[in-house]
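The lines below spell out each chain.
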Amino acid sequence: MTGKADEALGYEQARDELIEVVRRLEAGGTSLEESLALWERGEELAKVCRRWLEGARVRLDAALAEETEREGAEGSE
């Protein structure tokens, strides 16, 4: 579950923190408890990134649809 602080994270911030979490997990040397906490944090950050990317996709799709409609209207005149 993501918190209010995660919702305020920008895409780049969440991505950078996720990269650091993955780096720490790959490096090893952490306790099982710390590894689980890192994994959970990584899942939360991935959700934040996914929401940003989905939002960007919606905006792009809307802009492309608007452009297509405009071109269709100009072509019928």
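From a predicted model like this one, the values you see are computed outputs, not experimental measurements. (Residues numbered from 1 in each chain as written. Predicted model: local features only at pLDDT ≥ 70, side-chain atom pairs only at ≥ 80, totals over all residues. Heavy atoms only, no water.)

Draft legend 1. Inspection of the nonpolar core at higher detail. The biggest cluster of nonpolar side chains holds seven residues, and these are L9, A14, V21, L38, L45, V48 and C49. The set of elements that each furnish at least two residues to this core consists of α2 (11–27) and α3 (32–75). When residues in this core are grouped by element, the largest group, four residues, is from α3. In this view, L38 contacts V21, R24, L25 and T30; residues no more than four positions away in its chain are not counted. (Core = buried A, V, L, I, M, F, W, Y, C linked by side-chain atoms within 4.5 Å. Buried < 20%, exposed > 50% of the residue type's maximum accessible area, 1.4 Å probe, protein only. Helix = DSSP H or I, 4+ residues; strand = E, 2+ residues; numbered from the N terminus. Contact = heavy atoms within 4.5 Å.)

Draft legend 2. Geometry of the environment of W39. Tracing the backbone through its elements, the reader meets W39 in helix α3. Sequence separation between W39 and L18 is 21 residues; the distance between their C-alpha atoms is 9.7 Å.

Draft legend 3. Representation of the packing of α2 against α3. Close contact between α2 and α3 brings their axes to 9 Å; oriented N to C, the two are set at 150°. Between α2 and α3, the interaxial angle falls into the category roughly antiparallel. When you trace α2 past α3, the crossing you get is left-handed. Of the residues in α3, those touching α2 at Y11, A14, R15, E17, L18, V21, R24 and L25 are E34, S35, L38, W39, R41, G42, L45, A46, V48, C49, W52 and L53. Its residues assigned to classes, the contact of α2 with α3 comprises 13 nonpolar, two polar and five charged. (Axes fitted to C-alpha atoms, helices over the stretch in contact; angles between N-to-C directions. Parallel < 35°, antiparallel > 145°, perpendicular 65-115°, else oblique. Left-handed = near helix turned anticlockwise from the far one by under 90°. Nonpolar A, V, L, I, M, F, W, Y, C, P; charged D, E, K, R; others polar.)

Draft legend 4. Main features of α3. Taking 1.5 Å of rise per residue, the 44 residues of α3 would be expected to cover 64 Å, and the 63 Å separating its terminal C-alpha atoms lies within 8% of that figure. Considered for burial, the residues of α3 that qualify are L38, G42, L45, V48 and C49. (Expected span 1.5 Å × (residues − 1).)

Draft legend 5. Structural detail: α2. With 17 residues, α2 should reach 24 Å at 1.5 Å per residue; the first-to-last C-alpha distance of 24 Å fits that figure. After α2 finishes, the residue G28 shows a positive phi value of roughly 75°.

Draft legend 6. Quick peek at the pattern of salt bridges. Tallied over the entire structure, the rule returns seven salt bridges. Between R41 and E44 there is a salt bridge, with the nearest N and O atoms lying 3.3 Å from each other. With R41 and E44 both in helix α3, this residue pair falls three residues apart, about one helical turn. With its nearest N and O atoms 3.5 Å apart, the salt bridge here joins R70 to E66. Placement of the pair is R70 and E66 together in helix α3, with a separation of four residues, close to one helical turn. Given a relative accessible area of 45%, R70 falls into the partly exposed group. (Salt bridge = Lys/Arg side-chain N within 4 Å of Asp/Glu carboxyl O.)

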